[in-house]
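Structural overview for review
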Amino acid sequence: MKRTPAGDLRSDHVGTRVLLKGWVDSRRDHGGVTFLDLRDRSGRAQVVLREDEHPGAVEALTAVRNEWVIEIEGEVLTRATANPELATGEVEVLADRAEVLSSTRGLPFSSETALDATEETRLKYRYLDLRRPELQRNLLLRDQIDLEIRRYFHEQDFVHIETPILTRSTPEGARDYLVPSRVQRGAFYALPQSPQIFKQILMVSGFERYVQIARCFRDEDLRADRQPEFTQVDVEMSFPTEEDIFELIEGLFARIFPLVEIEPPTPFRRMTYAEAERRFGTDRPDLRFGLEIVDLTEGLAESGFRAFQATAAAGGAIRAISIPDAADATRKQVDSWVRIARQHGAAGVLTLRNRDGEISFQVKDVLKPEELAWAADRLELVPGSLGLIVAAEPAVAAATLGALRLALAEEYDLIDKDRNEFLWITEFPLVEWVEEDGRWYSVNHPFTAPMPEDLGALDVDLGSVRARAYDVILNGVELGGGSIRIHEPGLQERVFELLGIEPAEAESRFGHLLDALRFGAPPHGGIALGLDRLVMLMAGAESLREVIAFPKTTSASCLMSGAPAPVEAEQLAELSIRAIEDADASDPAGDG
């Protein structure tokens, strides 16, 4: 008999004979009658064992406990009392034959108690954790999303092309995972941080529209929304404008987000990087609530408060946000906000309160009544509201208030969780200066094209140059980013030099790309979407680990398999590699 998925049983199966195979989800003995819930990937169904009718089936399952694997045959009956919480709740299966396929020893946790176990325990026994319906739903949703993505790009005339996993190291940004070559001793491959160069070369090759659901690797510090190996939806087009990319991705989201009953409005809102930083203190603002940043520098720079005077004189900024119904915030709350400010480089925060129309500043008698009134008016500080003011270097003030804005929105329950705000951030800076290294670095990557109108500033004011780069944001979370690329070899060589990459080094590291650009490269651009993060948001999961089958910990370890792990000395010898113990780390040559 062909197996029937347990979760597929419905009232129209009544009177038919079925074969079920799966795990025992629960067992209830009622003296002569035993009820089992049998679970497989499709769902659960109730099985009835009656000793007076089919003693052989009862005897076969006498020792059965939760999570044993069994098979049963029997007739589908209408349940005397339906269970509306189960899709199969109108029927049950009366078993007349049963067999144990696999037993289990004592479990470290069950599906019901999994969340009481530590995360380390659940990751060690990941195969048990994956039996939880929540995780199975997440991974089944991921499969649906993956399928719709492939269908959509195929319909849009994109070609799915696989790019190499073993490639060369281009250490610019995150650290590479290196793979030693056994054949070419002393040489190393790198696992790709992205297929960036390969997809650009595919545009030079004339494929025009490329897509890949690509595995990528970055050896960097981890957090809840980051893993050392991850999956991205990698896209590249020939002859596009930014609007072509936006339209393509908005169409994709209109295809996949309805899977979780979200209908994205199109077109998405647009905002430049400079506007986002000015209004929200971040390049990925959550637009489901207000609390916009207001600049108070103009009216308070020459006030009687020395801290404001000194900040403004040094080129800093005085900025603030206003929180409704927070005028009675306690000292303990303010202290918690000060800690957030200090974590982001500011000295602290200052309060401006409107109690029943009376405006008061935290530091008494330093601001004139007209200055208080001006600041309150700028902040729209209505009665009962609280203003938080930060005086610092502009980037620090922005980052501080951006972080405070998010913390306050959670604390005062200001986020409309039923809203979904999609947003494009555009015109990022091309480069950023890193003081400790004394050099410029690409904000995106060194293949990003400058805005055409900013080309004249490349040699005179590099920090002002904007990039043809863009990110797509949902509810304050970056879903992906991309850019229009440099397709002219001369401009690419010039950008390398401005980034401190000398011509010889550029040829050594990126010569294959430069050669390709010299043989007729079309204008091209693209985007990469983080598939793990996309699924996490769509599933409503708290972390990436809930939408990845076998995730790593924050120390980049797999607790289930024990990776990474030492290897045999013979394997290292084949690769001309010697492992350095901690005690010998200061002497890597091993010769004293």
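Anyway, here's the lowdown on the structure attached to this text. This one's a predicted model, so the numbers in the text were calculated from it and none came from an experiment.

**Topic: the overall build of the protein**
Counting its secondary structure elements, the protein contains 16 helices and 22 strands. Across its three principal directions, the C-alpha atoms of the protein cover 95 × 75 × 60 Å. Counting across all 592 residues of the protein, residues that qualify as buried make up 46%. Of the contacts formed within the protein by residues at least 6 apart in sequence, a portion of 67% connects residues at least 24 apart. Looking at the protein as shown, the accessible area adds up to about 29900 Å², and 49% of this sits on carbon and sulfur atoms.

**What about unusual backbone geometry?**
In this chain, Thr 266 is followed by Pro 267 through a cis amide linkage whose omega measures -5°. For the bond running from Ala 563 to Pro 564, omega is 0°, close enough to zero to count as cis. Its location among the elements puts Pro 564 in the loop between α15 (531–539) and α16 (569–574). Positive phi, normally seen in glycine, also occurs at Phe 239, with a value near 60°. With respect to the helices, strands and loops of the structure, Phe 239 is situated in the loop between β10 (229–238) and α6 (242–256). The phi angle at Ser 576 is positive, at roughly 60°, despite the residue not being glycine.

**Regarding the sheet that holds strand β12 (residues 294–295)**
Here five strands make up an open sheet; going across it, the order is β12-β13-β16-β14-β15 and the pairing antiparallel. Since the sheet does not close on itself, it has two edges, and those belong to β12 and β15 (358–361), each with one partner. Here strand β14 (residues 350–355) runs beside strand β16 (residues 386–392); their pairing, made up of four bridges, is antiparallel. From the neighbouring strand, Leu 350 faces β16, where its bridge partner is Ile 389. This element, helix α12 (residues 394–411), spans β13 (317–323) and β16 of the sheet and lies at about 10° to β13.

**Concerning the pattern of salt bridges**
On inspection of all chains with the given rule, the structure shows 51 salt bridges. The partner of Arg 151 in a salt bridge is Glu 148, with the nearest N and O atoms 2.9 Å apart. Taken together, the positions of Arg 151 and Glu 148, both in helix α4 (residues 133–155) and three residues apart, correspond to about one turn of that helix. Exposure remark for Arg 151: the relative accessible area of 41% places this residue in the partly exposed category. Since its relative accessible area comes to 15%, Glu 148 is described here as buried. Of the charged contacts in the structure, one is a salt bridge between Glu 243 and Arg 270, with a shortest N-O distance of 2.8 Å. Residue Glu 243 is found in helix α6, and its partner Arg 270 is found in strand β11 (residues 269–272); the two are separated by 27 residues along the sequence. Note on Glu 243: relative accessible area 43%, which makes it partly exposed. Classification of Arg 270 by relative accessible area gives partly exposed; the value is 34%. When salt bridges with common partners are traced through the structure, they connect Arg 17, Lys 21, Glu 71, Glu 73, Asp 96, Arg 97 and Glu 99 into a single cluster.

**Looking at helix α11 (residues 369–379)**
Listed as buried for α11 are Glu 371, Leu 372, Ala 375, Ala 376 and Leu 379. For α11, the arc enclosing every buried residue in end-on projection is 130°, short of the 170-degree limit, so these residues lie on one face. The outward face of α11, more than 90 degrees from its buried face, is lined by the exposed residues Pro 369, Glu 370 and Asp 377. Here the buried face of α11 lies against β12, α8 (297–300), β13, β14, β15 and β16. A positive phi of about 50° marks Glu 380, the residue just after α11.

**Quick notes on the packing of aromatic side chains**
With the rule as written, the count across this model stands at 20 aromatic pairs. Each ring, one from Phe 268 and one from Phe 422, has its centre 4.9 Å from the other, and the planes form 25°; the classification is stacked. Separated by 154 residues along the polypeptide, Phe 268 in the loop between α6 and β11 and Phe 422 in strand β17 (residues 422–426) bring together distant segments of the chain. Just as Phe 268 is buried, Phe 422 falls in that class too. The structure contains a cluster of three or more aromatic residues connected by ring pairs, namely Phe 246, Phe 253, Phe 257, Phe 268, Phe 422, Trp 424 and Tyr 470. The ring of Tyr 441 has Arg 439 sitting right over it, with the charged end atom 3.9 Å from the ring centre.

**Topic: the sheet that holds strand β3 (residues 43–50)**
With mixed pairing, five strands are arranged side by side around a closed barrel as β1-β2-β3-β5-β4. Within the sheet, the average angular offset between the axes of one strand and its neighbour, ignoring direction, is 55°. Where strand β1 (residues 17–29) lies against strand β4 (residues 69–78), seven bridges are found, and the strand directions are antiparallel. Note on β4: the bridge partner recorded for Trp 23 is Val 69.

**What about the nonpolar core?**
One finds Ile 149, Phe 153, Phe 253, Ile 256 and Phe 257 to be the most contacted residues of the largest nonpolar core, which totals 39 residues. With seven residues, α6 is the largest single contributor of residues to this core. Excluding residues that lie within four positions of it along the chain, Phe 153 makes contacts with Phe 158, Val 211, Val 233, Val 235, Leu 248 and Leu 252. In this structure, Leu 430, Leu 462, Ile 473 and Ala 506 belong to the second largest nonpolar core, which totals 31 residues.

**Some words on the side chain of Gln 212**
By the secondary structure assignment, Gln 212 is in strand β9 (residues 209–217). The buried category is assigned to Gln 212, whose relative accessible area is 6%. Of note is the side chain of Gln 212, whose polar atom sits 3.3 Å from the backbone oxygen of Ile 161. Dropping the residues within four chain positions of it, Gln 212 is found in contact with His 160, Ile 161, Glu 162, Thr 163, Pro 195, Gln 232, Val 233 and Asp 234.

**Some thoughts on the packing of helix α5 (residues 196–204) against helix α14 (residues 503–517)**
Relative placement of two packed helices is described by the angle separating their axes and the distance separating the axes. Axis separation between α5 and α14 bottoms out at 10 Å; the angle between their running directions is 20°. Accordingly, the angle class assigned to the pair α5 and α14 is roughly parallel. Viewed along their axes, α5 and α14 form a crossing whose handedness is left-handed. Contacts between α5 and α14 involve Ile 197, Gln 200, Ile 201 and Val 204 from the former and Phe 510, His 512, Leu 513, Ala 516 and Leu 517 from the latter. Of the residues that constitute the contact of α5 with α14, the class distribution is seven nonpolar, two polar and no charged.

Rules and cut-offs
Residues numbered from 1 in each chain as written. Predicted model: local features only at pLDDT ≥ 70, side-chain atom pairs only at ≥ 80, totals over all residues. Heavy atoms only, no water. Helix = DSSP H or I, 4+ residues; strand = E, 2+ residues; numbered from the N terminus. Buried < 20%, exposed > 50% of the residue type's maximum accessible area, 1.4 Å probe, protein only. Contact = heavy atoms within 4.5 Å. Areas by Shrake-Rupley, 256 points an atom, 1.4 Å probe, with all protein chains shown as cover. Pairing = 2+ DSSP bridges. Axes fitted to C-alpha atoms, helices over the stretch in contact; angles between N-to-C directions. Salt bridge = Lys/Arg side-chain N within 4 Å of Asp/Glu carboxyl O. Arc of directions from axis to C-beta. Phe/Tyr/Trp six-rings, centres within 6.5 Å; stacked < 30°, edge-to-face > 60°. Lys NZ or Arg CZ within 6 Å of the ring centre and 35° of its normal. Core = buried A, V, L, I, M, F, W, Y, C linked by side-chain atoms within 4.5 Å. Polar contact = N/O pair within 3.5 Å; in protein donor to acceptor, adjacent residues only side chain to side chain. Parallel < 35°, antiparallel > 145°, perpendicular 65-115°, else oblique. Left-handed = near helix turned anticlockwise from the far one by under 90°. Nonpolar A, V, L, I, M, F, W, Y, C, P; charged D, E, K, R; others polar.

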